[in-house]
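Structural characterization, general
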Amino acid sequence: MWQENIKINGPYNFDEVIRRQTFDPLHVLSLNERWVKVPLWIDGTPTAVKVQATGTTESPSFAVSGSKQVAHKKAIDKLTEIFQWNIPLNSVIEHFKKTNLKELFNEHYGAPLVLEFDPYGCLLKCIIHQQLNMAFAHTLSTRFVHTFGKEVDGVWFYPRPEIVAKIKIDQLRELQFSTRKAEYVIGVGKAIVEGQLDLEKLKHMTDEEVLQNMIKLRGVGPWTVQNFLLFGLGRPNLFPIADIGIQNAIKKLFEMDRKPTIEEMEHYKKDWDPYLSYASLYLWRSIE
């Protein structure tokens, strides 16, 4: 067993982080005790790392612990990237104080942009979830992970690409995947195994380069790429205009009797640049 204590600059609202994690039934956490277990791959070894809040929003600190003797620094580096501990929120908050999202940012004060636990799992999840309502989307991804994934210390890991590449379409059809969605998921596994897609290299590309690289994959459209950029890579200035949730949030926020047009959304987002990802996140929060 190992443990390290981490202190970061506030504001940082970890309670908001955990609350949003509750939407995914694969996540292992406690709202009351303020902890979440994170599945990490460290040097090819799957390990579950517990992150527990020990501080406040203004003075955030965390106890990080794991049962396997892995490279602690690598684990902390990955957690820092996932939870965006190195991204100060003061400039974001100050920016939105001058916009029509001021009240949303006051309501969810200090809520950071948090990544999915693994870029690869994020991509699979995006593909599985596209064009499905949230409840069934999570049911489908949970079935997928429980059937083909791996459990370590009570935490589930998405199946690795070499496993996904060998799954048969009929096996996914039994889980209620459509034939096309099954093909897309298997295709991602094959693309990674065959070297057509290198997720590590994507981290060093521009948003447009990532789009051009990923759009070649079957079943990966602009919505999927934008969500991957946002929650897989943590890019700060993304606004998925086609996202129904964001459209509904704007409709609610501005008391419209219909969904906003593309032109109206383009107009609203001008004031939120260069932190459009945070605007997206807080808009989603407003209807969750």
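Structure: see above.
About the thresholds
- Residues numbered from 1 in each chain as written.
- Predicted model: local features only at pLDDT ≥ 70, side-chain atom pairs only at ≥ 80, totals over all residues.
- Heavy atoms only, no water.
- Disulfide = S-S within 2.5 Å.
- Buried < 20%, exposed > 50% of the residue type's maximum accessible area, 1.4 Å probe, protein only.
- Pairing = 2+ DSSP bridges.
- Helix = DSSP H or I, 4+ residues; strand = E, 2+ residues; numbered from the N terminus.
- Phe/Tyr/Trp six-rings, centres within 6.5 Å; stacked < 30°, edge-to-face > 60°.
- Lys NZ or Arg CZ within 6 Å of the ring centre and 35° of its normal.
- Polar contact = N/O pair within 3.5 Å; in protein donor to acceptor, adjacent residues only side chain to side chain.
- Contact = heavy atoms within 4.5 Å.
- Axes fitted to C-alpha atoms, helices over the stretch in contact; angles between N-to-C directions.
- Left-handed = near helix turned anticlockwise from the far one by under 90°.
- Nonpolar A, V, L, I, M, F, W, Y, C, P; charged D, E, K, R; others polar.
- Expected span 1.5 Å × (residues − 1).
- Parallel < 35°, antiparallel > 145°, perpendicular 65-115°, else oblique.

1. Observations concerning the state of the cysteines
Tallying each qualifying case throughout the model produces 0 disulfides. Not part of a disulfide, Cys126 finds its nearest cysteine sulfur in Cys122, a span of 4.1 Å. For Cys126, a relative accessible area of 9% gives the class buried.

2. A closer look at the pairing of strand E4 (residues 45-53)
Each regular strand displays side chains that alternate between the two surfaces of the sheet. Here 8 bridges tie strand E3 (residues 35-42) to E4, and the two strands are oriented antiparallel to one another. Bridged to Leu40 within E4 is Thr47. The antiparallel hairpin formed by E3 and E4 contains 2 residues in its connecting segment, where Asp43 sits at a positive phi of about 55°. Summarising the sheet, E4 and strand E5 (residues 61-66) pair through 5 bridges and their orientation is antiparallel. Across the sheet, residue Val51 finds its bridge partner in E5, namely Val64.

3. Quick word on the packing of aromatic side chains
All chains considered together, the criterion is met by 16 aromatic pairs. Ring geometry for Tyr275 against Tyr278: centres 6.2 Å apart, planes inclined by 80°, an arrangement best described as edge-to-face. Following the ring pairs from residue to residue traces out a cluster consisting of Tyr12, Phe14, Phe62, Phe83 and Trp85. Seen from the ring of Trp35, Lys50 lies directly overhead, with NZ or CZ sitting 4.7 Å from the centre.

4. Some points on the side chain of Gln247
With respect to the helices and strands, the residue Gln247 is situated in helix H13 (residues 244-253). When its relative accessible area of 13% is taken as the criterion, Gln247 is described as buried. Within the structure, the side chain of Gln247 is placed 3.1 Å from the backbone oxygen of Ile241, a separation counted as a polar contact. Discounting chain neighbours no more than four positions away, the residues touching Gln247 are Ile241, Ala242, Lys259, Pro260 and Met265.

5. Brief notes about the side chain of Lys125
Summarising the element assignment, Lys125 is placed in helix H5 (residues 119-129). Apart from residues lying up to four places away in sequence, Lys125 is in contact with Asp24, Glu116, His138 and Tyr158.

6. Quick notes on helix H12 (residues 222-231)
Of all 10 residues in H12, 7 are buried, a share of seventy percent or more. Residues of H12 that are buried: Thr224, Val225, Asn227, Phe228, Leu229, Leu230 and Phe231. Looking at the buried positions of H12, the neighbouring elements they touch are helix H1 (14-21), H5, helix H10 (199-202), helix H11 (207-214) and helix H15 (276-287).

7. Concerning the packing of H5 against H12
Direction vectors running N to C along H5 and H12 enclose 150°, while the axes themselves pass 9 Å from each other. The handedness of the crossing between H5 and H12 comes out as right-handed. Across from Pro119, Cys122, Leu123, Cys126 and Ile127 in H5, the residues of H12 making contact are Trp223, Thr224, Asn227, Phe228 and Phe231. Split by residue class, the contact of H5 with H12 holds 8 nonpolar, 2 polar and no charged.

8. Considering helix H9 (residues 179-193)
Here H9 spans 21 Å end to end across 15 residues, near enough to the 21 Å set by a 1.5 Å rise per residue. For H9, the set of buried residues is Lys181, Ala182, Tyr184, Val185, Ile186, Val188, Gly189 and Ala191. In this structure, the buried residues of H9 make contact with H5, helix H6 (134-148), helix H7 (161-164) and helix H8 (169-173). A positive backbone phi angle near 85° is found at Gly195, which sits one or two residues after H9.

9. Structural notes on the packing of H11 against H12
Between H11 and H12, the shortest axis-to-axis distance is 10 Å and the interhelical angle comes to 130°. Comparing the axis directions of H11 and H12 gives the class oblique. Between H11 and H12 lies a crossing whose hand is right-handed. On H12, the residues touching Asp207, Val210, Leu211 and Met214 of H11 are Pro222, Val225, Phe228 and Leu229.

10. A few points about the sheet that holds E4
Here we have 5 strands laid out as an open sheet, ordered E1-E5-E4-E3-E2, and antiparallel in their pairing. At either margin of the open sheet sits one strand with a lone partner, and together these are strand E1 (2-7) and strand E2 (28-30). On average, each strand axis in the sheet is tilted by 25° relative to the strand beside it, whichever way the strands run. Taken together, the 6 bridges between E1 and E5 define a ladder with antiparallel strand orientation. Of the residues in E5, the one forming a bridge with Ile6 is Phe62.

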